[in-house]
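# Fold and contact review
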Amino acid sequence: MKSKVLKNLLRVLLYAAGAGAGSVLAFLCVQVHDMTSDEPLSLVLLILLYGGMGALGMLAAHLTAPKIVSGWTDMMSALEKRTDTLTTTQLISMVIWLLGGLLMASLLTQILHFLGESIFTMSVSAILYVVLGVLGLTIGAHRAEDMASLMAEGRVRKETGATMKLLDTSALTDGRIAAVHRTGVIDGEIATADFILAELQEMTASPDAAKRVRGQRGLDTVKALPNLRIESTDGPAPAETDVALMALAREKHATLLTADSLMHKAARVAGVPTVNLNDLAVALRTVTAAGDVLTVRLSKPGKEPHQGVGYLEDGTMLVVEGGSEHIGGRVEVTVTSVLQTSAGRMAFAKLIEED
């Protein structure tokens, strides 16, 4: 029903256009007569001329209407099928680029007006509008993904104020990032690059058993991060993945997450925001101070014959005076001092029963 109404409306417009064209042709005939003859046309002749030309125009429109309506229907059907395959982002991108192309054509046309009004300038203006309009539509269709990325990035920043977190190989093979992400302390989107995944797959095929284990752990970490975004890069895999990842982080305005201290230092020198997971782990360790009462299992003897050594949950080594007799058991101790060394934190304690 809707299609039939549109077809009838198009036919009415064609008849009106035909009548208008006939009237214009009659007007031109009158102008030619006035220039070649001193006697004006009578009112009857004018009515017959305009009426006849208008009728001829409507007749021409009636004869050509079926083909025009059919062609218009086919064109609308093809356009509808084409637009059905386009995403909303593509349509928005095409409209924006189309408006940009038409605006550019308008500016160039204004420049042509300084040459004067002529058939040449009007023709060039029409060509500019068509060419730049089509060029805008084409560019808009091909750059829709970039617009989608910008819109998504802008939406994330607006809603959360967070930047993307980009994981390197060491962060994935370390394995702790999955547990950290589950806590919800990492804001923003987490991502890695396709060449990082390729590197993990190469590690799983390495003849070195330790390297295979790290590569498999990295792939398991990827599976444990269901919302992990994989950034696709064009071209072959880079020879220096660290350099390529820092370039990607700079391009995406992302923060680099790594468990490699050398990568952390290199990124800081390059001006790329970075977080070292090891520094995060150290910062989250329980602070042990002198006077704390702890319960610890002594696992081995110390350097001195009367000492026993145990380890706290955060990995801090605890040396217990008089603990050699309790190796293999759990004792309650009082911390006497804490020492920070290049290898980590050490604490010294004594048995409570000796107080």
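Attention in this report is confined to the structure presented alongside it. (Residues numbered from 1 in each chain as written. Predicted model: local features only at pLDDT ≥ 70, side-chain atom pairs only at ≥ 80, totals over all residues. Heavy atoms only, no water.)

All right, on to the overall build of the chain then. The helix and strand tally for the chain stands at 12 helices and 10 strands. Sorting the 355 residues of the chain into buried and exposed places 29% on the buried side. Taking the contacts inside the chain whose residues are at least 6 apart along the sequence as the reference set, 60% of them involve residues at least 24 apart. Only carbon and sulfur atoms are counted for the fraction: they give 63% of the accessible area of the chain, which is about 22500 Å². (Helix = DSSP H or I, 4+ residues; strand = E, 2+ residues; numbered from the N terminus. Buried < 20%, exposed > 50% of the residue type's maximum accessible area, 1.4 Å probe, protein only. Contact = heavy atoms within 4.5 Å. Areas by Shrake-Rupley, 256 points an atom, 1.4 Å probe, with all protein chains shown as cover.)

The backbone of His253 sits at a positive phi, close to 55°, despite the residue not being glycine. Mapped onto the secondary structure, His253 falls in the loop between helix 10 (241-252) and strand 4 (255-258).

With respect to the element layout, Ala239 can be found in the loop between strand 3 (229-231) and helix 10. The sequence separation of Ala239 and Phe195 amounts to 44 residues, and the corresponding C-alpha distance is 10.0 Å.

Bringing the packing of helix 8 (residues 194-204) against helix 10 into the picture now. Interhelical geometry of helix 8 versus helix 10 gives an angle of 155° and a closest axis separation of 10 Å. As far as their axial angle goes, helix 10 and helix 8 are roughly antiparallel. Crossing handedness for the pair helix 8 and helix 10: left-handed. Side by side, helix 8 and helix 10 meet where Phe195, Ile196 and Glu199 of the first sit next to Thr241, Ala244 and Leu245 of the second. Grouping the amino acids of the contact of helix 8 with helix 10 by side-chain chemistry returns 4 nonpolar, 1 polar and 1 charged. (Axes fitted to C-alpha atoms, helices over the stretch in contact; angles between N-to-C directions. Parallel < 35°, antiparallel > 145°, perpendicular 65-115°, else oblique. Left-handed = near helix turned anticlockwise from the far one by under 90°. Nonpolar A, V, L, I, M, F, W, Y, C, P; charged D, E, K, R; others polar.)

Looking now at the sheet that holds strand 4. Here 5 strands make up an open sheet; going across it, the order is 3-2-1-4-5 and the pairing parallel. At either margin of the open sheet sits one strand with a lone partner, and together these are strand 3 and strand 5 (274-276). Geometrically, the sheet is characterised by an average inter-axis angle of 35° between neighbouring strands, direction not taken into account. Note that strand 1 (residues 165-167) and strand 4 share 3 bridges and pair parallel. Across the sheet, residue Leu167 finds its bridge partner in strand 4, namely Leu257. Sheet strands in contact with helix 10 are strand 1, strand 2 (190-193), strand 3 and strand 4, and its direction is about 165° off that of strand 1. (Pairing = 2+ DSSP bridges.)

Along the chain, Ala17 falls in helix 1 (residues 2-36). For Ala17, a relative accessible area of 48% puts it in the partly exposed group. Taking C-alpha positions, Ala17 is 7.9 Å from Gly57, a pair spaced 40 residues apart along the chain.

Looking at helix 11 (residues 261-269), one finds that the buried residues are Met263, His264 and Ala267. Down the axis of helix 11, the smallest arc covering the buried residues is 105°, so these residues share one side. Residues of helix 11 that are exposed and point more than 90 degrees away from the buried face comprise Leu262, Lys265 and Val269. Where helix 11 begins, the capping side chain belongs to Asp260, and its oxygen is found 3.0 Å from the backbone nitrogen of Leu262. Gly271 sits one or two residues past helix 11 and shows a positive phi near 80°. (Arc of directions from axis to C-beta. Polar contact = N/O pair within 3.5 Å; in protein donor to acceptor, adjacent residues only side chain to side chain.)

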